[in-house]
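# Reading the structure
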Amino acid sequence: MDTKYQLITIGAQQPLKTEIVQTFVMRVEELGLSKDALSIIDALNFDIDYKPNAPSVALYFGENGATNFSDIHLLKKLQRDAVFIVPVVVNLKNFSSSTPAELRGINGFALTSHTEVDALVNRILEGLSLLRQSRRLFISYRRVESRTAAIQLYEQFDASGFDVFLDTHSIKPGEPVQDELWHRLVDTDVVVLLNTPGFFESRWTSEELAKASAMSIGVVQLIYPGHTPDDYASLCFPIYLEQSHFVSHDYKNPNALFTQDALKLIAGQVEAVRARSLAARQDGIIQEFTAAATKLSVDAHLQPEKIITLKNKSGANVAIIPTVGVPQALTYNQTEELIKRIHQDETMETFLLYDHRNIREKWLNHLVWLDLYLPIKAVKITEVENWLNQNTML
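Now for a description of the structure that goes with this document. It should be emphasised that the depicted structure is a prediction, and the values quoted were computed from it without experimental measurement. (Residues numbered from 1 in each chain as written. Predicted model: local features only at pLDDT ≥ 70, side-chain atom pairs only at ≥ 80, totals over all residues. Heavy atoms only, no water.)

### Structural notes on empty space enclosed by the protein
- In the structure shown here, the tally under the stated rule is one cavity of 30 Å³ or more.
- Put simply, the largest cavity is a space of about 40 Å³.
- The wall of the largest cavity is formed by G11, A12, Y60, F61, G62, E63, A66, N68, F69 and S70.
- In the lining of the largest cavity, the residues fall into five nonpolar, four polar and one charged. (1 Å grid on protein atoms, 1.4 Å probe; cavity = no way out; pocket = protein on both sides within 12 Å on 5 of 7 lines; lining within 4 Å. Points joined across faces, edges and corners; volume = space filled by probe spheres on them. Nonpolar A, V, L, I, M, F, W, Y, C, P; charged D, E, K, R; others polar.)

### Describing the sheet that holds strand β4 (residues 84-89)
- One open sheet accounts for five strands, arranged β2-β1-β3-β4-β5; its pairing is parallel. Where the open sheet ends on each side, the last strands, each with one partner, are β2 (38-42) and β5 (109-110).
- Bridge count between strand β1 (residues 5-11) and β2: five bridges; the pairing is parallel. Its bridge partner lying in β2, T9 is registered against D42.
- Of the strands in this sheet, β1, β3 (56-61) and β4 touch helix α3 (residues 72-80), which is tilted by about 145° from β1. (Pairing = 2+ DSSP bridges. Helix = DSSP H or I, 4+ residues; strand = E, 2+ residues; numbered from the N terminus. Contact = heavy atoms within 4.5 Å. Axes fitted to C-alpha atoms, helices over the stretch in contact; angles between N-to-C directions.)

### Quick notes on helix α5 (residues 117-127)
- Burial analysis of α5 places nine of its eleven residues in the buried class, the great majority of the element.
- Buried residues along α5 sit against β1, α1 (17-30), β3, β4, β5 and α10 (260-295).
- One or two positions beyond α5, positive phi appears at S129, with a value near 60°. (Buried < 20%, exposed > 50% of the residue type's maximum accessible area, 1.4 Å probe, protein only.)

Here it is in structure tokens:
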């Protein structure tokens, strides 16, 4: 791979910088890319290693009360090259005094401890288009036992930039509840499950977990104190809550609230699980496609960027983009930009590959309509064998 993904760190000294870089490299490897596809750049090797046309994200570490900010010439160079820059500060209340004037119109990131590192790394991955920018979360709970805590999580993650699904807040009047619930579940990145003693007594909550597991969606399971989790816990990422994680230690009260420390703990696990979940789901789609291609003896190649390339029956290049969740117009646009970036000298016919199971019928009809007007088409994973027969077999 000639063009590498660049992570650039400049600005003040940051004690968590090494942890950020190490976590970034680990997450990239979990997504299926080799660390050889990465270029880690700072002020010392900038002039040698920085490539202005490569996909890049820069972190500028601010310093509160600084009179002379570091690396301003590098910052201006990155801004001229239209590099995505994230200002990182300790406290957003001091943002203006912690960053140079060139960055004060950009939304900053507050890094107070290692608990925020996963969230920052996910933002880097999103900026590099290695992780989708939409952040979707599904809360699964039993109303009679944890409704207030579920609403608290909804408000917390909504404020953190997630598109959160909570049945009492997210389904519009007139919508079929169960159809919309399954539709939103298939498009989520991670499930937060409040595992209270009576959680599995509800048919719907049990089905939510079963479907999430079947679709390889990561589940952060919040196990209440004194509760023995069901066998399904082996499929989840558990957090064993203690009395101290609840305000006034009142965890048995249906209106119990989490403490701020508990919310930070949950948020950190959600960020870590999100990237792994999306990678696992994308891998599942790739495996189904490659199995069909192998069966038909179609010569398909998985590229480092997890794009599948092949030639159609006319000999033209074709790119297949495995897509997690529900394809939409923004997905089509991002896919086109990705293809242009990776194959700048080639005109490729491009298709989105997605799993349509549990997506609502009205949205599937919308995708058919999009295919009539957009250059990129969508292919259902369950129809891949027939699609390969029509497009690649002579």
